[in-house]
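# An overview of the molecular structure
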Amino acid sequence: VPGGQSLRVPLGRRRGPLRATWRLRVNGDEPACAWISEPRLVRRAQAPPTVLLVTSDTHRADHLGFLQGGAERATPTLDALAARGLVFTQAFSCAEITLPSHSAILSGLHPRDTRIVNNYTMLDTSVETLAERFAAAGYRTYAALSARHLADDISGLGQGFERCAYPMHEAHADTTVARALEWFADAEGEPLFFWLHLFDAHTPSEAPAELTAPYLEAAEHSDAAPGWPLERERIRARYKGEIAWLDAELARVLALPRVSAGLIAFTGDHGEAQGEGGIHFTHEELLACTLRVPLILAGPGVPSGSVCDTLVTNTDIAATLLELAALPRSSIPGRSLLEAANDSTN
C-alpha cells in the first residue's frame, strides 16, 4: 500500500548545520526506489488545529439512527456527533457517482465545471483543492482512502496531499482506520487536515456477522414473502450491518482528543436505491435516494445540537471548512453552509 514514513529528530538547542545521510538497502534483484521530501522545521503546539473530513461511500441519508425514520439504524457514533453539531437533513450530492461527487467535495466545483462524470476522468491540475489550501496554510495534509479509483493516479484528488494511502481494490473500515490512527500520531503537535474515506456501505456487504445478525433476524421475521421479496430484505439487512461497522470503526478516530476538539465534517458521496422507482441496490440513477446524503458538521464555530432543513449541496463543503478554519478560500467557490443554517432559522 503506498504510504510514507516520518523521522523526527529533536534538535534541542542545537545550532548550525545538520547533516543527514540516507541509504536504500535492497534485498534481492527487484528494482527499488525511494523518494525523500524536504525536511520540515517544526515547533510543536499544545493544541494544533485539526480538520477531519469523512466521506462514507454509498451512504443513504436515511441510514442514521438519530433521524426519524432512520431505518432502525443504530449509529451511536454518528448520533453523538450530530448531537453536538449541525445536521443538514436536506443535503444532496451533485452526482450519483463516486469520483464526480468527491471532486465536488474537495474543489467546490460542480461536474459541469470539472467535466468529471465518471470514475476515471482525472481532476485537472489547474483546479485548486481543499488540501492545497490547507497545505498553503502550513497544515500537514493526509488522506486514507478505501477505494482504488480515488487514488491520485486515477482521480487527480491527491493534489495538495502530503500523504495518500489507498488499497489495490477496496478496503474495509478497520484497515483504513488503522492507517489513519498511525498517521494522526505522525502529525502530533502540528496542524492537520485529514480526509478519511470509508467504503463499507458499498457492495459487497461483508460486515462482521455479529453486527449484521440483528438486522438479518428482523428480515427473517418480517412480512416479506419467500423468494425475491425476502431476499431484498436480507440485502437491506446486510447494508445496515455495514453502516453499523463503519460507525463502530469511526468511533476509534473520533475518540482522539485532537479530533474531538477539532473540526469534523461527515458526509456521503451518494446514496443507493433500494427499491425506489423499481430500482434495486444500485446508484446509477438520478433519484432522491441516490443523491440525498448525510451531512454533519461539528467543532469550533459550529452551532451545537442544531438542525438545518434548507436544501444544500456538497459543493459547499470545501468553502465551509475553510471558513471555519479561518483560512482564505482563494479560488474555491461555494456558499457557507453556516449561512444556510442561519437562513433556515430566520
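Now for a description of the structure that goes with this document.

The rules we used
- Residues numbered from 1 in each chain as written.
- Predicted model: local features only at pLDDT ≥ 70, side-chain atom pairs only at ≥ 80, totals over all residues.
- Heavy atoms only, no water.
- Helix = DSSP H or I, 4+ residues; strand = E, 2+ residues; numbered from the N terminus.
- Buried < 20%, exposed > 50% of the residue type's maximum accessible area, 1.4 Å probe, protein only.
- 1 Å grid on protein atoms, 1.4 Å probe; cavity = no way out; pocket = protein on both sides within 12 Å on 5 of 7 lines; lining within 4 Å.
- Points joined across faces, edges and corners; volume = space filled by probe spheres on them.
- Polar contact = N/O pair within 3.5 Å; in protein donor to acceptor, adjacent residues only side chain to side chain.
- Contact = heavy atoms within 4.5 Å.
- Phe/Tyr/Trp six-rings, centres within 6.5 Å; stacked < 30°, edge-to-face > 60°.
- Lys NZ or Arg CZ within 6 Å of the ring centre and 35° of its normal.
- Axes fitted to C-alpha atoms, helices over the stretch in contact; angles between N-to-C directions.
- Parallel < 35°, antiparallel > 145°, perpendicular 65-115°, else oblique.
- Nonpolar A, V, L, I, M, F, W, Y, C, P; charged D, E, K, R; others polar.
- Pairing = 2+ DSSP bridges.
- Expected span 1.5 Å × (residues − 1).
- Arc of directions from axis to C-beta.

Considering the arrangement of structural elements, one finds Gly299 in the loop between β10 (295-298) and β11 (306-308). Under the relative-accessibility criterion, Gly299 is labelled buried at 16%.

In this section: empty space enclosed by the protein. Applying the stated rule across the entire model yields one cavity of 30 Å³ or more. Roughly 50 Å³ of volume is contained in the largest cavity. Along the walls of the largest cavity sit Ala61, Leu64, Phe66, Leu67, Val87, Phe88, Thr89, Arg292, Val293, Pro294, Leu295 and Ile296, which together make up its complete lining. Of all the elements in the fold, those that place two or more residues in the lining of the largest cavity are β2 (85-88) and β10.

On to the side chain of Ser93. Note on placement: Ser93 falls in the loop between β3 (91-92) and α2 (98-107). Owing to a relative accessible area of 5%, Ser93 belongs among the buried residues under this scheme. Within the local environment of Ser93, its side chain forms a polar contact with the backbone oxygen of Asp269, the two atoms lying 2.9 Å apart. Discounting residues that sit within four places of it in the chain, Ser93 has contacts with Ser101, Asp269, Leu291, Val293 and Asn314.

A few words on the packing of aromatic side chains. Under the criterion given, the structure shown has seven aromatic pairs. Geometrically, the ring pair formed by Tyr142 and Trp183 is edge-to-face, given 5.5 Å between the ring centres and 65° between the ring planes. One end of the pair, Tyr142, is in strand β4 (residues 140-144); the other, Trp183, is in helix α6 (residues 173-186), with 41 residues separating them in the sequence. Overall, the relative accessible area of 0% leaves Tyr142 in the buried class. Ring centres of Phe161 and Trp195 lie 5.9 Å apart, and the angle between their planes is 35°; this geometry places the pair in the tilted category. Separated by 34 residues along the polypeptide, Phe161 in the loop between α5 (152-155) and β5 (163-165) and Trp195 in strand β6 (residues 192-198) bring together distant segments of the chain. Taken together, the ring pairs in this structure connect Phe134, Tyr139, Phe161, Phe193 and Trp195 into an aromatic cluster. Geometry around Trp183 places Arg163 over its ring, the cationic atom sitting 5.2 Å from the centre.

The next subject is the packing of α6 against helix α8 (residues 228-254). Between α6 and α8, the shortest axis-to-axis distance is 10 Å and the interhelical angle comes to 10°. One way to sum up the angle between α6 and α8 is to call them roughly parallel. Every residue of α8 that contacts α6 at Ala173, Asp174, Val177, Ala178, Leu181 and Phe184 is listed here: Trp245, Leu246, Glu249, Arg252 and Val253. The residue inventory of the contact of α6 with α8, partitioned by class, reads eight nonpolar, no polar and three charged.

A separate point is the environment of Arg232. The residue Arg232 is located in helix α8 in this model. Between the alpha carbons of Arg232 and His280 there is a distance of 8.4 Å; along the sequence they are 48 residues apart. Those residues in contact with Arg232, other than ones at most four positions away along the chain, are His280 and Phe281.

Here we come to unusual backbone geometry. Of the consecutive residues Thr203 and Pro204, the connecting peptide bond is found in the cis state with omega at 0°. Tracing the backbone through its elements, the reader meets Pro204 in the loop between β6 and α7 (209-220). Non-glycine residue Thr58 carries a positive phi angle of around 60°. Residue placement: Thr58 occurs in the loop between β1 (50-56) and α1 (76-83). The backbone of Ser330 shows a phi angle near 60°, a positive value even though the residue is not glycine. Relative to the elements of secondary structure, Ser330 occurs in the loop between α11 (317-324) and α12 (337-345). Given the relative accessible area of 53%, Ser330 is considered exposed.

Let us now look at the sheet that holds β2. Strand pairing in a sheet takes place through backbone hydrogen bonds and is either antiparallel or parallel in direction. If you walk across this open sheet you meet the eight strands as β5-β4-β6-β1-β7-β10-β2-β11, and the pairing is mixed. The open sheet has two edge strands, β5 and β11, and neither has a second partner. Each strand of the sheet is rotated relative to its neighbour by a mean of 10°, with strand direction disregarded. In the packing of α8 onto the sheet, the strands contacted are β1, β6 and β7 (263-268), and the crossing angle to β1 comes to about 170°.

Compared with an ideal rise of 1.5 Å per residue, which puts 14 residues at 20 Å, α6 spans 20 Å between its outermost C-alpha atoms and is within 8% of the ideal. What α6 keeps buried is the set Ala173, Thr176, Val177, Ala180, Trp183 and Phe184. Along the long axis of α6, the arc covered by the buried residues comes to 125°, so they all point the same way. Buried residues belonging to α6 abut β1, β4, β5, β6, α8 and α9 (257-260).

Their axes nearest at 7 Å, the elements α1 and α8 cross at an angle of 50°. Relative to α8, α1 is oriented oblique. Across from Pro76, Thr77, Leu78 and Leu81 in α1, the residues of α8 making contact are Asp247, Leu250, Ala251 and Leu254. The residue makeup of the contact of α1 with α8, split by class, is six nonpolar, one polar and one charged.

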